[in-house]
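The residues making up each chain are set out below.
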Amino acid sequence: MAGLRSGSGATTRARQRGHRAAVTLPTLLLLLLLTCCVRCSAAAATKPSNIILILADDQDVLLGGMTPMKKTKALIGDAGATFLNAFTVTPLCCPSRSSILTGQYPHNHEVRNNSLSGNCSSLQWQKGPESTAFPFYLNKQKYQTFFAGKYLNQYGKKDGDVGFVPPGWDQWHALVGNSQYYNYTLSVNGKEEKHGDSYEKDYFTDLITNRSLHFLDDRSPQHPFFLMLSPPAPHSPWTAAPQYQKEFADVKAPRDGSFDKLGKDKHWLLRQPVNPMPDSSLTFLDSAYRKRWQTLLSVDDMVELLVKKLESIKELDNTYIFYTSDNGYHTGQFSLPIDKRQLYEFDIRVPLMVRGPGIKPNQTLQAPVLNIDLAPTILDISGVNLSSVNVDGQSFLSQMAPSLRNGTVRPVFLVEYTGEGHPTTDPACPKLGPGLSQCFPDCVCEDAFNNTYACVRTLNKDHDLQYCEFADTESFVEVYNLVSDPHQLENVWKKMDPTFLQAMNQQLIKLQSCQGDSCRDIK
């Protein structure tokens with residue numbers, strides 16, 4: 001009996017131990033699960049935000065360039081911040097895009113124009129500024145990076161060829177050369193890929209869209225992503241998708257402001273166009289204006305599809321979407337048919353809208369923002385310490401999301417451009433001699449070697465001014481008070497106090513030699 005009792009006691013204790021073990025195991029599993037959830041939540045909370053940059057080509061903002069983009073305005077602008085005073089620091093594709101990539105003024109990254117001799121995608125650029133452009137830092141921050149579209153005008157044409165993929169890009173689908181919609185060549189991760197004229201297979205804006213959507217499907221959810229999408233629209237040759245080629249049939253280029261106004265008291269290049277413009281020029285520029293709008297409808301579709309994809313993969317609330325252009329454009333202003341490259345507001349102002357975490361919807365912001373501010377803003381979002389990066393621009397995250405950052409607004413900034421010209425006389429314009437480019441049949445030229453200028457642009461609550469100096473034999477100066485003269489019709493240089501002009505000259509000298517902090521500190 002005693003043995004039985006002893007056995008019963010042992011059995012009971014064993015059962016008690018087993019019962020305690022049975023209770024402890026689920027509890028332990030629950031604790032482990034809770035710990036994992038907390039850690040996973042913490043990891044999700046600390047995961048940097050995703051970023052998408054959509055960069056249009058030659059899209060103006062002053063002449064109605066955003067009018068056809070109803071979806072984009074609703075999905076980005078209305079859902080976030082629209083910047084009313086966004087500028088490029090140089091109104092031409094390659095130097096502007098180089099400024100976007102580096103966050104630097106052209107005098108620092110040294111890309112002067114669209115030519116290889118102007119350092120566009122040259123070996124000097126590749127070995128220097130491009131090697132530490134912002135994608136390089138994003139890649140170090142474990143971002144999954146994707147590029148599709150037009151890159152730089154000379155990319156893949158000579159130096160480096162299509163086999164060269166700039167540092168920082170995981171997926172690379174870059175156009176060789178300048179904007180096209182059909183019959184183009186891509187560098188796809190360093191391998192040549194030729195395209196024809198099939199809308200379904202080749203239309204470039206749609207191809208960029210589709211490949212970006214595939215990238216989002218295939219991404220790793222553990223790491224943030226960065227996409228830079230650079231469609232050809234609305235750059236020439238203005239080939240719209242088939243379904244949009246009859247849109248805006250009655251639209252004409254706006255006739256207000258400086259349209260077909262004589263460029264009196266301006267640099268000689270603005271004094272040479274025929275005024276008033278002949279009917280042939282008006283017909284041409286109206287057609288170009290309509291076609292530009294038509295091409296943008298596919299970009300509008302791109303934005304809609306991207307937002308829907310982000311919603312479906314549950315990343316929309318953790319993604320910043322930037323929409324902007326490399327430069328503005330003109331269609332008939334000061335009797336110049338079509339182009340960019342000029343110092344006036346229509347060429348240097350660009351659209352800029354941003355949505356994302358911490359940005360309240362339906363904001364319209366007045367503070368000036370530059371394209372050299374895009375790189376530091378993107379790096380700021382990614383968590384990079386900006387003091388370790390060589391940029392002339394500054395983050396504008398504080399302006400659109402003040403709850404996330406403190407910041408200051410710059411009172412003045414620089415716009416600079418180096419003109420392009422042919423060494424021989426243009427057959428269309430023998431009377432003007434050599435040194436010109438972008439000439440139309442009626443001998444109106446949009447650029448020249450001495451269309452080289454630098455401007456101080458002042459924009460604050462007290463002033464809205466522009467002071468420009470040309471590097472030419474005339475040492476020509478243009479000054480505009482944009483409060484009283486928003487269309488820059490009157491050059492008031494000769495009416496200004498010499499003391500003011502001297503102060504502007506000294507400020508310009510400082511800006512033209514600034515680098516890094518000194519660019520942001522000039523008052």
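To keep things clear, this report deals only with the structure shown in the data block. (Residues numbered from 1 in each chain as written. Predicted model: local features only at pLDDT ≥ 70, side-chain atom pairs only at ≥ 80, totals over all residues. Heavy atoms only, no water.)

Things to note about the overall build of the protein chain
Here is step 1 of the chain: Summing up its helical and strand segments, the protein chain has 15 helices and 20 strands in all.
Here is step 2 of the chain: A principal-axis box enclosing the C-alpha atoms of the protein chain has dimensions of 130 × 55 × 45 Å.
Here is step 3 of the chain: When the 523 residues of the protein chain are sorted by exposure, 57% land in the buried category.
Here is step 4 of the chain: In the protein chain, the proportion of contacts linking residues at least 24 apart, taken out of those at least 6 apart, comes to 71%.
Here is step 5 of the chain: For the protein chain, the accessible area works out to roughly 22,100 Å², and carbon and sulfur atoms hold 55% of it.
Here is step 6 of the chain: The averaged location of the 54 negative side-chain charges in the protein chain is 12 Å from the averaged location of its 51 positive side-chain charges. (Helix = DSSP H or I, 4+ residues; strand = E, 2+ residues; numbered from the N terminus. Buried < 20%, exposed > 50% of the residue type's maximum accessible area, 1.4 Å probe, protein only. Contact = heavy atoms within 4.5 Å. Areas by Shrake-Rupley, 256 points an atom, 1.4 Å probe, with all protein chains shown as cover. Lys, Arg positive; Asp, Glu negative; His and termini not counted. Charge placed at Lys NZ, Arg CZ, Asp CG, Glu CD.)

Here's the deal with the packing of aromatic side chains
Here is step 1 of the chain: Taken as a whole and judged by the stated rule, the model has 29 aromatic pairs.
Here is step 2 of the chain: Ring geometry for Phe134 against Phe226: centres 5.4 Å apart, planes inclined by 85°, an arrangement best described as edge-to-face. Note that Phe134 is positioned in helix H6 (residues 134-140) and Phe226 in strand S8 (residues 225-230), a separation of 92 residues in sequence.
Here is step 3 of the chain: Given a relative accessible area of 0%, Phe226 falls into the buried group.
Here is step 4 of the chain: Relative to Phe204, the ring of Tyr184 has its centre 4.7 Å away and its plane inclined at 45°; by these criteria the two rings are tilted. You can see Tyr184 sitting in the loop between strand S5 (171-175) and strand S6 (185-188) and its partner Phe204 sitting in helix H8 (residues 204-218), a full 20 residues away along the chain.
Here is step 5 of the chain: Exposure remark for Phe204: the relative accessible area of 0% places this residue in the buried category.
Here is step 6 of the chain: Connected via pairs of aromatic rings, a cluster forms that spans Phe134, Phe147, Tyr151, Tyr155, Trp169, Trp172 and Phe226. (Phe/Tyr/Trp six-rings, centres within 6.5 Å; stacked < 30°, edge-to-face > 60°.)

Some words on the layout of surface pockets
Here is step 1 of the chain: A volume near 370 Å³ is recorded for the largest pocket.
Here is step 2 of the chain: Counting only elements with at least two residues in the lining of the largest pocket, the list comes to helix H12 (374-382) and helix H15 (517-521). (1 Å grid on protein atoms, 1.4 Å probe; cavity = no way out; pocket = protein on both sides within 12 Å on 5 of 7 lines; lining within 4 Å. Points joined across faces, edges and corners; volume = space filled by probe spheres on them.)

Topic: the state of the cysteines
Here is step 1 of the chain: Scanning the entire structure with this criterion turns up four disulfides.
Here is step 2 of the chain: Through a disulfide, Cys439 is tied to Cys445; the S-S separation comes to 2.0 Å. A torsion of 105° about the S-S bond marks the disulfide between Cys439 and Cys445 as right-handed.
Here is step 3 of the chain: Two residues, Cys455 and Cys468, share a disulfide whose sulfurs are 2.1 Å apart. On the sign convention where negative is left-handed, the bridge of Cys455 and Cys468, at about 110° about the S-S bond, is right-handed. Taken together, the positions of Cys455 in strand S18 (residues 453-459) and Cys468 in strand S19 (residues 464-470) put the pair 13 residues apart, joining distant regions of the chain. Here Cys455 and Cys468 have matching classes, each one buried.
Here is step 4 of the chain: Sequence-ordered numbering of the bonded cysteines in the protein chain gives a pairing of 1-2, 3-4, 5-6, 7-8. (Disulfide = S-S within 2.5 Å.)

Here's the deal with the sheet that holds S19
Here is step 1 of the chain: The strand order S15-S18-S19-S20 describes an open sheet built from four strands, whose pairing is antiparallel. Single-partner strands in this sheet number two, and they are strand S15 (412-417) and strand S20 (477-481). Between one strand axis and the next, the sheet turns through 15° on average, direction left out of account.
Here is step 2 of the chain: Where S15 lies against S18, six bridges are found, and the strand directions are antiparallel. Considered in S18, the bridge of Tyr417 is made with Tyr453. (Pairing = 2+ DSSP bridges. Axes fitted to C-alpha atoms, helices over the stretch in contact; angles between N-to-C directions.)

A closer look at the environment of Asp485
Here is step 1 of the chain: Mapped onto the fold, Asp485 is located in the loop between S20 and helix H14 (498-512).
Here is step 2 of the chain: Relative accessible area serves as the criterion here: at 11%, Asp485 is assigned to the buried category.
Here is step 3 of the chain: Remark: the alpha-carbon pair of Asp485 and Leu465, spanning 20 residues in sequence, is separated by 9.8 Å.
Here is step 4 of the chain: Setting aside residues up to four positions removed in sequence, Asp485 forms contacts with Tyr480 and Glu490.
Here is step 5 of the chain: Here the side chain of Asp485 touches Leu489 through a polar contact of 3.0 Å, landing on its backbone nitrogen. (Polar contact = N/O pair within 3.5 Å; in protein donor to acceptor, adjacent residues only side chain to side chain.)

Thoughts on helix H10 (residues 279-312)
Here is step 1 of the chain: Its 34 residues give H10 an end-to-end C-alpha distance of 51 Å, which sits within 8% of 50 Å, the value for a rise of 1.5 Å per residue.
Here is step 2 of the chain: One or two positions beyond H10, positive phi appears at Lys314, with a value near 60°. (Expected span 1.5 Å × (residues − 1).)

Re unusual backbone geometry
Here is step 1 of the chain: In this structure, Pro234 follows Ala233 across a cis peptide bond, with omega equal to -5°.
Here is step 2 of the chain: Put simply, Asn275 and Pro276 share a cis peptide bond, and its omega is 0°.
Here is step 3 of the chain: Relative to the helices and strands, Pro276 is located in the loop between helix H9 (268-271) and H10.
Here is step 4 of the chain: At Asp260, a position not held by glycine, the phi torsion is positive, near 55°.
Here is step 5 of the chain: For Asp260, the position within the fold is in the loop between S8 and H9.

Quick notes on the pairing of strand S4 (residues 144-149)
Here is step 1 of the chain: Of all six residues making up S4, six are buried, and the element is well covered by its neighbours.
Here is step 2 of the chain: Strand direction decides the pairing type here: S4 and S8, joined by six bridges, are parallel. Bridge assignment links Gln144 to a residue of S8, and that residue is Phe225.
Here is step 3 of the chain: Taken together, the four bridges between S4 and S5 define a ladder with parallel strand orientation. Counted as the bridge partner of Phe147 is Trp172 from S5.

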